[in-house]
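Inside the fold
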Amino acid sequence: MEKVVECPCGAVVRASDEDELVRMTQSHASEVHDMEMSREQVLSMAYPA
Ligand SMILES: [Zn+2]
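Within every chain, residues take consecutive numbers counted from 1 along the sequence as written. Given that this is a predicted model, residues contribute local features only at a pLDDT of at least 70 and side-chain atom pairs are listed and counted only at 80 or more, while totals for whole chains, interfaces and linings are drawn from all residues. Note: side-chain values were computed over all heavy atoms of the structure, leaving out hydrogens and water.

**Re the pattern of salt bridges**
Going by this rule: Salt bridge, as applied in this entry: a Lys or Arg side-chain nitrogen positioned within 4 Å of an Asp or Glu carboxyl oxygen. The numbering of helices and of strands both runs from the N terminus, where a helix is a DSSP run of H or I of at least 4 residues and a strand a run of E of at least 2. Note on exposure labels: buried denotes an accessible area under 20% of the residue type's maximum, exposed denotes more than 50%, and partly exposed covers the range between, all computed with a 1.4 Å probe on protein chains only.
Summed over the entire model, instances satisfying the criterion amount to 4 salt bridges. Close ionic contact of Arg14 with Glu2 constitutes a salt bridge, the shortest N to O distance being 3.3 Å. In this pair, Arg14 is assigned in strand 2 (residues 12-15) and Glu2 in the segment before strand 1 (3-6), connecting sequence segments 12 residues apart. By relative accessible area, Glu2 is classed as partly exposed at 33%. In this structure, Arg39 and Glu18 form a salt bridge, with 3.2 Å as the shortest nitrogen-oxygen distance. Of this pair, Arg39 sits in helix 2 (residues 39-45) while Glu18 is found in helix 1 (residues 18-33), placing the two residues 21 residues apart along the sequence. Overall, Arg39 belongs to the partly exposed group, its relative accessible area being 31%. Taking relative accessible area as the criterion, Glu18 reaches 35% and is therefore assigned partly exposed. Salt bridges sharing common partners tie together Lys3, Glu18, Asp19 and Arg39.

Now the structure itself:
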């Protein structure tokens, strides 16, 4: 099932694979916000698309 993470900045990360969603969200957080996110943090923000 596809999952979505909506960043507070308005960026939307969408992936069908949980590992990919975590990786893409972590890379957005570190590149754009200079912030490290754990897998748990990413998954707690994710919801089914
Ligand atoms: Zn963002």
